[in-house]
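The primary structure of each chain is shown beneath.
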Amino acid sequence: MKTEVKNKQLCRHCGKGTFSARTLPFHAWKDNYLGELALTDFLIYECSSCHRQLIPYESVLRIERAEALKLETWLFKQAGNALEFDAKFLSNAELVSLLGVSRQAINKSPKYRNLIYCLCIKGEYFYYRESAKLFKKHGDGRLHIDEVFESQVDSTIKDLQKGKIQYHTSSNGVITYAES
Ligand SMILES: [Zn+2]
């Protein structure tokens, strides 16, 4: 995804125009797994003739940071309280026993941390259990987190409609759900 592009660089696509920098007020970037990311004041280079757009390296870095932040936010949301955290995340030792590979293999190869969703807390890695299970099965543990989000919302709404879940709003506006 790394693109080196300079002002007045000739466009190889049309051979007629040259590229010039342009800042888009808003740019929506779609990632296969993480869904849509909204970036403001996004720098691109655009051809004066065919209007082909190139994303310079600094903007690629911005996308990567936004992706990392979205994933981290999502993982922390899944983590919930301490009890839920233990149920949903694996320690390094637990990952070793789930995958049947050595601790050294996990530390050496970046694929485990790239393909299994994980959080780094005080220098220690914790792996999202669902993602680790998917990795064990298919060699790629990346979940489509927007779909997971949506399916969680969908099933809650369906259960509400079926009367399986009852909810009430307390005086301070907090909605609590109770399965009936
Ligand atoms: Zn062009």
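Rules behind the numbers
- Residues numbered from 1 in each chain as written.
- Predicted model: local features only at pLDDT ≥ 70, side-chain atom pairs only at ≥ 80, totals over all residues.
- Helix = DSSP H or I, 4+ residues; strand = E, 2+ residues; numbered from the N terminus.
- Contact = placed C-beta atoms within 7 Å.
- Buried ≥ 20, exposed ≤ 12 C-beta atoms within 10 Å, placed from the backbone.
- Pairing = 2+ DSSP bridges.
- Axes fitted to C-alpha atoms, helices over the stretch in contact; angles between N-to-C directions.
- Core = buried A, V, L, I, M, F, W, Y, C linked by C-beta atoms within 7 Å.
- pLDDT = per-residue confidence, 0-100.

## A look at the overall build of the protein
Here's step 1: From N to C terminus, the protein includes 7 helices and 8 strands.
Here's step 2: Long-range contacts, defined as pairs at least 24 residues apart, comprise 48% of the intrachain contacts of the protein with a sequence gap of at least 6.

## Looking at the pairing of strand β1 (residues 19-31)
Here's step 1: Burial of β1 is sparse: only 1 of the 13 residues sit out of reach of the surface.
Here's step 2: In terms of strand pairing, β1 meets strand β2 (residues 35-47) through 12 bridges, oriented antiparallel. Residue W29 lies in a different strand from β2, and its bridge partner there is L37.
Here's step 3: Remark: 3 residues form the turn of the hairpin made by β1 and β2, two consecutive strands paired antiparallel.

## A closer look at the sheet that holds β2
Here's step 1: Here we have 3 strands laid out as an open sheet, ordered β1-β2-β3, and antiparallel in their pairing. Edge positions in the open sheet fall to β1 and β3 (53-54), since each of these has one partner strand only.

## What about the sheet that holds strand β6 (residues 124-128)?
Here's step 1: Spatially, 3 strands are ordered β4-β6-β5 in an open sheet, and the strand pairing comes out antiparallel. Each edge of the open sheet carries a strand with a single partner, namely β4 (89-90) and β5 (118-121).
Here's step 2: The sheet strands contacting helix α6 (residues 129-138) are β4 and β6, and the helix crosses β6 at an angle near 75 degrees.

## Description of the environment of T23
Here's step 1: By the element assignment, T23 lies in strand β1.
Here's step 2: Considering only alpha carbons, one finds T23 and T40, 17 residues apart in sequence, at a separation of 8.9 Å.
Here's step 3: When residues no more than four places from it in sequence are discounted, the contact partners of T23 are D41, F42 and L43.

## Quick notes on the nonpolar core
Here's step 1: In terms of nonpolar packing, the biggest core is built from 13 residues, with L90, I116, C118, Y127, Y128 and A132 touching the most fellow members.
Here's step 2: For this core, the secondary-structure elements that each account for two or more residues are β4, β6 and α6.
Here's step 3: The biggest single contributor to this core is β6, with 3 residues.
Here's step 4: Here L90 is in contact with L95, L98, F126, Y127, R129 and A132, once residues within four sequence places are set aside.

## Side note on unusual backbone geometry
Here's step 1: Residue D41 is not a glycine yet carries a positive backbone phi of 45 degrees.
Here's step 2: Structurally, the position occupied by D41 is in strand β2.
Here's step 3: For D41, a count of 10 C-beta atoms within 10 Å translates into the label exposed.
Here's step 4: Phi at K122 is positive, roughly 50 degrees, even though this residue is not glycine.
Here's step 5: With respect to the element layout, K122 can be found in the loop between β5 and β6.

## Looking at the confidence of the model for the protein
Here's step 1: Residues of the protein with pLDDT of at least 70 account for 79%, and the chain-wide mean is 83.
Here's step 2: Below pLDDT 50 for its whole length, residues 172-177 participates in 7 contacts with residues either more than four positions away or in separate chains.

## Focus on the environment of L119
Here's step 1: Positionally, L119 belongs in strand β5.
Here's step 2: When the C-alpha positions of L119 and A79 are compared, they lie 9.8 Å apart, and in sequence the two are 40 residues distant.

## Some points on the pairing of β5
Here's step 1: Where β5 lies against β6, 4 bridges are found, and the strand directions are antiparallel. Residue pairing across strands places L119 opposite F126, the latter belonging to β6.
Here's step 2: Hairpin connection, β5 to β6: the antiparallel pair is bridged by 2 residues, and K122 has positive phi, about 50 degrees.

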